[in-house]
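Given next are the chains, with one letter for each unit.
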Amino acid sequence: MLISAQGETERKVTMATQNPGFQAITESCDECGRDTPHEVSVQIRTESQKRENAEFSREPYRVTECQVCGDTSSQRMNNA
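Here the structure is a predicted model, which means the values were calculated and not measured.

1. Thoughts on the overall build of the protein
And step 1. Looking only at helices and strands, the protein features zero helices and six strands.
And step 2. In the protein, the succession of α and β elements from N to C terminus is β-β-β-β-β-β.
And step 3. Sorting the 80 residues of the protein into buried and exposed places 19% on the buried side.
And step 4. By sequence separation, contacts in the protein at least 24 residues apart represent 37% of the contacts at least 6 residues apart.

2. Observations regarding the environment of Thr-26
And step 1. In this structure, Thr-26 sits in strand β3 (residues 25-29).
And step 2. Here Thr-26 is in contact with Thr-36 and Pro-37, once residues within four sequence places are set aside.

3. Thoughts on the pattern of salt bridges
And step 1. Scanning all chains against the criterion turns up three salt bridges.
And step 2. The partner of Arg-62 in a salt bridge is Glu-27, and the shortest N-O contact between them spans 2.5 Å. Remark: Glu-27 occurs in strand β3 and Arg-62 occurs in strand β5 (residues 58-66); sequence separation between them is 35 residues.
And step 3. For Arg-62, a relative accessible area of 33% puts it in the partly exposed group.
And step 4. Between Glu-59 and Arg-76 there is a salt bridge, with the nearest N and O atoms lying 3.3 Å from each other. One end of the pair, Glu-59, is in strand β5; the other, Arg-76, is in strand β6 (residues 72-76), and 17 residues separate them in sequence.
And step 5. On the basis of relative accessibility, which here comes to 15%, the residue Glu-59 falls in the buried class.
And step 6. When salt bridges with common partners are traced through the structure, they connect Glu-47, Glu-59 and Arg-76 into a single cluster.

4. Here we look at the pairing of strand β4 (residues 34-46)
Consecutive side chains along a regular strand alternate between the two faces of the sheet.
And step 1. As defined by bridge partners, β3 adjoins β4 across five bridges and the pair is classed as antiparallel. By the bridge assignment, Glu-27 is partnered in β4 with Thr-36.
And step 2. Taking the residues that link successive antiparallel strands as the turn, the β3-β4 hairpin has four residues, and the phi of Gly-33 there is positive, at about 75°.
And step 3. Pairing geometry for β4 and β5, over nine bridges, is antiparallel. Paired with Gln-43 across the two strands is Tyr-61, which belongs to β5.

5. Looking at the confidence of the model for the protein
And step 1. Per-residue pLDDT for the protein averages 76, and the proportion of residues at 70 or more is 70%.
And step 2. Considering each helix and strand of the protein separately, the mean pLDDT is smallest for strand β1 (residues 2-5), with a value of 36, and largest for β6, with 93.

Reading the values: rules and limits
- Within every chain, residues take consecutive numbers counted from 1 along the sequence as written.
- Residue-level local features of this predicted model are given only where pLDDT is at least 70; pairs of side-chain atoms are given and counted only at 80 or more, and the full residue set underlies all totals for whole chains, interfaces and linings.
- Here the side-chain values reflect all heavy atoms present in the structure, with hydrogen atoms and water set aside.
- Strands here mean DSSP runs of E at least two residues long; helices mean DSSP runs of H or I at least four residues long; both are numbered from the N terminus.
- Only protein chains enter the area calculation, which uses a 1.4 Å probe; residues under 20% of their type maximum are buried, those over 50% are exposed, and those in between are partly exposed.
- Note on definitions: a residue-residue contact is assigned when non-hydrogen atoms from the two residues lie within 4.5 Å.
- Put simply, a salt bridge is a Lys or Arg side-chain nitrogen that is within 4 Å of an Asp or Glu carboxyl oxygen.
- Two strands qualify as a pair provided DSSP detects at least 2 bridges between them.
- Confidence of the predictor in every single residue is expressed as pLDDT, which spans 0 to 100.

Right under this line is the structure:
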């Protein structure tokens, strides 16, 4: 597992894909119009622009990137 900071407002967690036994995750891609391999990650994003509330406004997002066309999409995981 790789954890890397992406600025102050985002943190990305991904699984390393160099493992020889790794099987790609396939999902439907709207741009390609078919199921294609995708890189899937979870990003913790800070939603508040106010500095004093930033630590309380972090939410997990599921982010997918098509490995064929590069199209990305994100979805907030706990939409309450």
